[in-house]
Amino acid sequence: TTQHQGAQTQHQTARFFCKAGGKLYWHTRFKIVDTFDKANIFLGMGTLDTAILTTGALAVTDFIGFTISTAGAGALKCRSCKGGVAQSDTALTIAEDTFVDLAIVVDGVSEIQFWVNNVRKTLTNIVAATHIPVGALYPAFGCETDGTNDPIMHVQGFQVLQSY
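Residues numbered from 1 in each chain as written. Predicted model: local features only at pLDDT ≥ 70, side-chain atom pairs only at ≥ 80, totals over all residues. Heavy atoms only, no water.

*Asks:* When you look at the overall build of the chain in this model, what are you seeing that I'm missing?
*Replies:* If you tally the helices and strands in the chain, you get 1 helix and 13 strands. Put simply, the chain runs from its N terminus to its C terminus through helices and strands in the order β-β-β-β-β-β-β-β-β-β-β-α-β-β. On C-alpha atoms alone, the chain measures out to a radius of gyration of 15 Å, which is about the 15 Å that the 2.2 N^0.38 rule sets for 164 residues. For the chain, the spread of C-alpha atoms along the principal axes amounts to about 45 × 30 × 25 Å. Each of the 164 residues in the chain was classed as buried or not, and the buried ones make up 46%. (Helix = DSSP H or I, 4+ residues; strand = E, 2+ residues; numbered from the N terminus. Rg over C-alpha atoms; globule rule 2.2 N^0.38 Å. Buried < 20%, exposed > 50% of the residue type's maximum accessible area, 1.4 Å probe, protein only.)

*Asks:* Would you mind showing me how to read the nonpolar core here?
*Replies:* Within soluble globular proteins, side chains that are nonpolar generally end up buried alongside one another. Phe30, Ile32, Ile41, Phe66, Leu76 and Leu102 are the most contacted members of the largest nonpolar core, which totals 33 residues. Those elements that provide at least two residues to this core are β2 (23-33), β3 (39-46), β6 (63-68), β7 (75-82), β9 (100-107), β10 (111-116) and β12 (138-145). In this structure, Ile32 is in contact with Ala39, Ile41, Ile94, Glu96, Asp97, Cys143, Pro151, Ile152 and Met153, ignoring residues within four places of it in sequence. Core analysis: the next-biggest nonpolar cluster, separate from the first, contains 7 residues, Leu53, Phe63, Cys81 and Ala140 among them. (Core = buried A, V, L, I, M, F, W, Y, C linked by side-chain atoms within 4.5 Å. Contact = heavy atoms within 4.5 Å.)

*Asks:* Just checking my understanding: could you explain unusual backbone geometry for this structure?
*Replies:* Even without being a glycine, Asp97 presents a positive backbone phi close to 55 degrees. Relative to the assigned elements, Asp97 resides in the loop between β8 (85-93) and β9. Non-glycine residue Asn118 carries a positive phi angle of around 65 degrees. Following the sequence through the fold, Asn118 ends up in the loop between β10 and β11 (119-120).

*Asks:* Looking at this structure, how should I read the packing of aromatic side chains?
*Replies:* Given two aromatic rings, their pairing is described by the distance between the two centres and the angle made by the two planes. Within the structure shown, the criterion is met by 5 aromatic pairs. Here the aromatic residues Trp26, Phe66, Phe114, Phe141 and Phe158 are joined through ring pairs into a cluster of three or more. A cation over an aromatic ring shows up here: Lys19 above the ring of Phe17, its NZ or CZ 5.7 Å from the ring centre. (Phe/Tyr/Trp six-rings, centres within 6.5 Å; stacked < 30°, edge-to-face > 60°. Lys NZ or Arg CZ within 6 Å of the ring centre and 35° of its normal.)

*Asks:* Where do I start with the sheet that holds β12 in this structure?
*Replies:* What holds strands together in a sheet is hydrogen bonding between their backbones, with the strands either parallel or antiparallel. In space, the 6 strands of this open sheet follow the order β1-β12-β3-β6-β7-β8, with antiparallel pairing throughout. Edge strands, defined here as strands with exactly one partner in the open sheet, are β1 (6-10) and β8. The mean inter-strand angle of the sheet, taken between neighbouring strand axes irrespective of direction, is 15 degrees. Examined bridge by bridge, β7 and β8 share 8 bridges and lie antiparallel to one another. Residue pairing in the sheet places Cys78 in a bridge with Asp89 of β8. (Pairing = 2+ DSSP bridges. Axes fitted to C-alpha atoms, helices over the stretch in contact; angles between N-to-C directions.)

*Asks:* What is the right way to read the side chain of His131 from this model?
*Replies:* Position of His131 relative to the elements: it lies in helix α1 (residues 128-131). The exposure class assigned to His131 is buried, which follows from its relative accessible area of 5%. With residues near it in sequence (within four places) discarded, His131 still touches Ser80, Cys81, Lys82, Val85, Ala86, Gln87, Asn125 and Ile126.

*Asks:* Teacher, can you tell me more about the environment of Lys82 here?
*Replies:* Within the element layout of this structure, Lys82 appears in strand β7. Among residues more than four places away in sequence, those in contact with Lys82 are Thr61, Asp62, Ala129, Thr130, His131, Ile132 and Pro133.

*Asks:* Help me understand the side chain of Asp89 in this model?
*Replies:* With respect to the element layout, Asp89 can be found in strand β8. As a buried residue without a salt bridge, Asp89 has its nearest oppositely charged side chain in Lys77, at a separation of 8.9 Å. Here Asn125 takes part through its backbone nitrogen, which lies 3.1 Å from a polar atom of the side chain of Asp89. Residues within four places of Asp89 in sequence aside, it is in contact with Lys77, Cys78, Leu123, Thr124, Asn125 and Ile126. (Lys, Arg positive; Asp, Glu negative; His and termini not counted. Salt bridge = Lys/Arg side-chain N within 4 Å of Asp/Glu carboxyl O. Polar contact = N/O pair within 3.5 Å; in protein donor to acceptor, adjacent residues only side chain to side chain.)

Here it is in structure tokens:
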């Protein structure tokens, strides 16, 4: 097992935008097996990049999604970043081999909601006007190892809907 290796994928032909007067809905269900607390993951949408995660950090400058860092011991965070200005709020600590339902709703460029297991999370750090990206976003998933294990991320499909 080599540190920072793992699968990263983006749906390069599915492009979505956060726009005034529109709504963006994103949903997936996932679990991590084989030492979940040492995984570096991203599930969400981000700018198009050949590497979503590099050396244990997010490489994309604009994104909305959920992350776990290798040092986070399974702590799932809601994260949003616009132009390199990122912020996060802790959602929950995941359990080994247990599916978690995730959803994001972006209302124009004025409101962002993160949902975990059908419960809306209270955001104290993420400010919609500051942290909602306005460029093209692509569905993205990534899972890296910290070098001591080989985490396996199971994603049970994803959905993205955009309305204007």
